[in-house]
Amino acid sequence: MRVLLFSLLFAVSVQAQPVPVGRLPDGIKPLAYSLAFTIDPSQERFSGQTAIDVEVQKPTTLIYLHGQDLEVSRAELVSGGKRITARYSQVDASGVARLDLVQPVPAGPARIEISYSAGFRKGAEGIFRAKVGNDWYAWTQMEPLDARRAFPGFDEPGFKTPFTISLTVPKAMKAFANTPETGVQAAGAMVTHRFAPSKPLPTYLVALGVGAFDVRGVTIPANAVRKVPLEFRVIGTAGQAGRMDITLEETPKLLARLEDYFGIPYPYEKLDFIASPVQGGAMENAGLILYSDNLILLGRDAPFGQLRRFAEVVSHEMAHQWFGDLVTPDWWTDIWLNEAFAEWMGKRIAHAWRPDLGIDPMELDEAFGAMDLDSLGRGRPIRQEITENSQVASAFDGITYQKGAQVVSMFEGFVGAEAFQKGVRLHLNRYAFRNAKAEQFFESIAEAAKDPRVIPALNSFLTQTGVPLLAVADGTRSIELAQARYVPLGVAAPAAQTWQIPYCLSRGEGRRCDLLATDKARVPALIGTSLALNPNAEGKGYYRYTMDEAGWTRLIADAPGLSGRDAMALADSLWADFSAGRASFPLVLRAAEALAGHPERLAAGNLAGRLAGLGNRLIPAADQQAYRATMGRIYGPAASALGFDPRHGAYAAEPADRQSRRQTLVPVMALEARDPAIRKALAEAGGRLIAGDAEAVDPTWRALALSVAVQEGGEPVMRALSRALIASDEPLFRGQAASAIGAVATPEQAKVALELAFAEGMQPLETTGLVASVSRQPAGREAAVAFAEANFTRLMNSYPGFAKRNIVGLFSGFCSNADAARVEALVEPRLVDLGGGELELSQAVAGIRRCDALKAAKGAEISSALRQ
């Protein structure tokens, strides 16, 4: 009776206690995990037994922890040799759970034991599975909040503990975890694989893999930093062994560059890469990094785009082994630093590996996309205080990755590369295998640089939304600088903001760099060999600039001779000035023409992409022919000078930069200018490829050739391509084919494409890629929206857990305020299913309204310029 009375009183008292939908309350500290899984991917469910050693800080009968959609059959707590029965219940849809104990557990060491089962996920979240060919496989994706779908625990980055894992799997299957295998024990049709205890990890870095995988490996020799050899393996689904060569050969070179930069040996006992057709992107699990198939399974003839992605993503994920895994944020508020640093480092290492591929400028090009997002007026700062689980997924966006990387790059330039590297090493050595806050990283950098200005200057970019705009007035004796927030048409002007901007001006060989900490400044005139003033030298600063028309005209005249990054910054800032209602559209066209033949592919392509956006969303049907003629006039001469032959290996002997420029300009001519000769060559080559002639199209041109073949050939080509996709085991081709099926030119084609989206044999990411492709086409946009509305849950579950909110992007391609209201009304009721997404929806709606405002303010000017 006393126990019952206690339980009843306790039940009444805790009802008023709010469920912790953010950080768990203090009182229980996990010390170590033992995880035993039974996994057969051919079944619908898996089972597990979790044991967590904890420190109980004060007596309690209630423990909050995490577990999502777990069917718990037993929950007990062992303390002082006694077992205390617990009742497990999930109390929030975000995966917050609680254990109610029948009697209080005293302070001191204890052990939580939970037996449970759960269903495999379809998309990449928790433990997910897929059928590839005739075999079933299982992988894991735990970040950000999906470890709780795989096992009950304390699913926060601040809890770093050792994990000891065992996997019981069918005999015919292989099993992998974060650490080396220590033993195998057979039991009938199943085998138990045991793995060594891990070094301290947060739950989001726990990783598993089960299936009949192909495995190849090499031993990476010791070097000056790492004194012992390291075993490295690549793991892929059956039949993929022949596509592992490049990854096996080139990864050790990338790793050596990372070890040299950090001055610390690779921190874990082994290095495995595991590939999945269901994973979107990659995940930095300690010792068992997960990748999308097409990132690490490459042919010897891999196109430059795939090689770039291989190098930058592999370098990004391996950089995390130090920055994120070795030293981990203590809470999601600082996850931006993990991703921003790895994004910056990934491109740095990848560019050093193959400078001819032009990877370094991609950081700046992607930062421009972040600036567009950051200018919507509906955003978040890089460092956003996260208080609820529903906010976490939104932190994995272009602000965190691309804006963050550009800010890291800007401040490396401000303090100097050597001092910055010294600060990074200081930070990693101080907090190895522990948690750290962003402030502690700033302190390490400031200490190494011996410059206390670093911290307030950094914070001015981290804690504010928006893009600084640097207004520059060039004079004979001085240069006037003024800063404000960049505000495009369609966005309400916010309250005045000030940043501490590390800026660099250049004129020819002359350069001036300083910190602008006030709203205005006057600096001495800059003497140089050029007449034109460049207000963002090498595009290093996270800001845009504006000048009067004379300043723009001088800089455009110099455009062909500008460095690649300077030319890219010119294109972006001029377009931003146009989008804000200041610069004229004819000036934009002059700049596009001046840059079309630039040797830097991303400088040549920047305004081409911007103009293509107008053609896709804003330019009316009556002006489409004039638009195509304008694009042909601007980009045709440069494309013609390079020539075009889609056949396999036609340009293999050419320098990489020339190939890259062709790869930028030919799609513009095929899709925007609609050049008849180029489209004919592509459509015929795509048709031959679908019919089985692999030599008809180089992998570089496959996606484009298949897209044009679909547009020109319609339903018969689409259905034949769908059959070829499903029959293929080549990851790159499958993704290219899915996107091409969606590259529709008519509403009738859109209907066929969407019918094929869920064809048997399609992997989830191929489905989402096809539907996204349809949504990007003017002829398919309405059909894609109707399809997404009718199949919302099924589509949502096809995205990886961390990317479910990307489904909102399917609704973002419109350009009228009426459509903005329609999209808001359509998507808002679905946000509860997404577990958030308010920010993504508000940004999509803001983007549509921006397009409408630009059309209202500049539509007539655009039409007039195109028709001249």
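Whatever comes next refers back to the structure up there.
Here the structure is a predicted model, which means the values were calculated and not measured.

J.: When you look at helix α10 (residues 454-462) in this model, what are you seeing that I'm missing?
T.: Buried residues of α10: V454, A457, L458, S460, F461 and L462, and no others. Against the buried residues of α10 lie α5 (335-353), α7 (398-415), α9 (438-449), β22 (468-474), β24 (501-507) and β25 (510-516).

J.: Honestly, the side chain of D451 in this entry has me stumped. Any pointers?
T.: Note on placement: D451 falls in the loop between α9 and α10. Look at D451 and you get buried, because its relative accessible area is 15%. If we skip the residues at most four places from it in the chain, D451 touches F414 and A446.

J.: Could you clarify how one ought to interpret the environment of I296 in this entry?
T.: Within the secondary structure, I296 sits in helix α3 (residues 293-296). Given a relative accessible area of 0%, I296 falls into the buried group. With 155 residues separating them in the primary sequence, I296 and D451 have C-alpha atoms 41 Å apart. When sequence neighbours within four positions are dropped, the list of residues in contact with I296 reads V234, R243, T247, F273, I274, A275, Y291 and V314.

J.: For this particular structure, what's the right way to read the sheet that holds strand β1 (residues 28-38)?
T.: Pairing between sheet strands relies on hydrogen bonds along the backbone, with the strands arranged either parallel or antiparallel. As summarised here, the arrangement of the ten strands in space is β3-β6-β5-β4-β7-β2-β1-β10-β13-β12, forming an open sheet in which the pairing is mixed. Edge positions in the sheet fall to β3 (60-66) and β12 (181-187), since each has one partner strand and no second. Averaged over all neighbouring strand pairs, the angle between strand axes comes to 20 degrees, with direction disregarded.

J.: Looking at this structure, I do not really get the side chain of H427. What am I missing?
T.: Inspection of the secondary structure puts H427 in helix α8 (residues 417-430). Excluding residues that lie within four positions of it along the chain, H427 makes contacts with F323, V327, A436, K437, Q440, F441 and S444.

J.: Whenever I open this one, the packing of helix α6 (residues 360-374) against helix α12 (residues 564-579) confuses me. Can you help?
T.: Contact geometry of α6 with α12 gives a least axis separation of 10 Å together with a crossing angle of 15 degrees. Comparing the axis directions of α6 and α12 gives the class roughly parallel. Seen from above, α6 lies across α12 with right-handed handedness. The segment α6 lies against α12, with D360, P361, E363, L364, D365, F368 and M371 engaging R565, M568, A569 and D572.

J.: Would you take a moment to explain helix α21 (residues 747-756) for this structure?
T.: In an α-helix, one turn spans 3.6 residues; hence positions three or four apart end up facing the same way. Along α21, the residues that are buried comprise Q749, A750, V752, A753, L754 and L756. The elements touched by buried residues of α21 are α18 (702-713), α19 (715-727), α20 (731-741), α22 (764-775) and α23 (781-790).

J.: Is there a simple way to think about the pairing of β1 in this case?
T.: Sheet analysis places β1 next to strand β2 (residues 45-56), joined by ten bridges and oriented antiparallel. Bridge assignment links K29 to a residue of β2, and that residue is E55. Between β1 and β2, which follow one another and run antiparallel, lie six residues.

J.: Before we go on, may I ask you to explain the pairing of β25 in this structure?
T.: Along a regular strand, successive side chains alternate from one face of the sheet to the other. Looking at chain direction, β24 and β25 are connected through seven bridges and run antiparallel. Residue pairing in the sheet places C504 in a bridge with C513 of β25. Linking β24 back to β25 in an antiparallel pair, the connection comprises two residues, with G508 at a positive phi of about 60 degrees.

J.: What is the right way to look at the state of the cysteines in this model?
T.: Here, the word disulfide means a covalent bond between the sulfur atoms of two cysteines. The final tally for this structure, using the stated rule, is two disulfides. A sulfur-sulfur separation of 1.9 Å characterises the disulfide bridge that pairs C504 with C513. Its torsion about the S-S bond being 115 degrees, the disulfide of C504 and C513 is classed as right-handed. For C504, a relative accessible area of 19% puts it in the buried group. The partner cysteine of C815 in its disulfide is C851, sulfur to sulfur 1.9 Å. When the S-S torsion is -90 degrees, as for the bridge of C815 with C851, the disulfide is left-handed. You can see C815 sitting in the loop between α24 (792-796) and α25 (817-827) and its partner C851 sitting in helix α27 (residues 838-867), a full 36 residues away along the chain. Each member of the pair, C815 as well as C851, carries the same accessibility label: buried. Bonded cysteines in the protein are paired 1-2, 3-4 when counted in the order they occur along the chain.

Criteria and cut-off values
- Residues numbered from 1 in each chain as written.
- Predicted model: local features only at pLDDT ≥ 70, side-chain atom pairs only at ≥ 80, totals over all residues.
- Heavy atoms only, no water.
- Buried < 20%, exposed > 50% of the residue type's maximum accessible area, 1.4 Å probe, protein only.
- Helix = DSSP H or I, 4+ residues; strand = E, 2+ residues; numbered from the N terminus.
- Contact = heavy atoms within 4.5 Å.
- Pairing = 2+ DSSP bridges.
- Axes fitted to C-alpha atoms, helices over the stretch in contact; angles between N-to-C directions.
- Parallel < 35°, antiparallel > 145°, perpendicular 65-115°, else oblique.
- Left-handed = near helix turned anticlockwise from the far one by under 90°.
- Disulfide = S-S within 2.5 Å.

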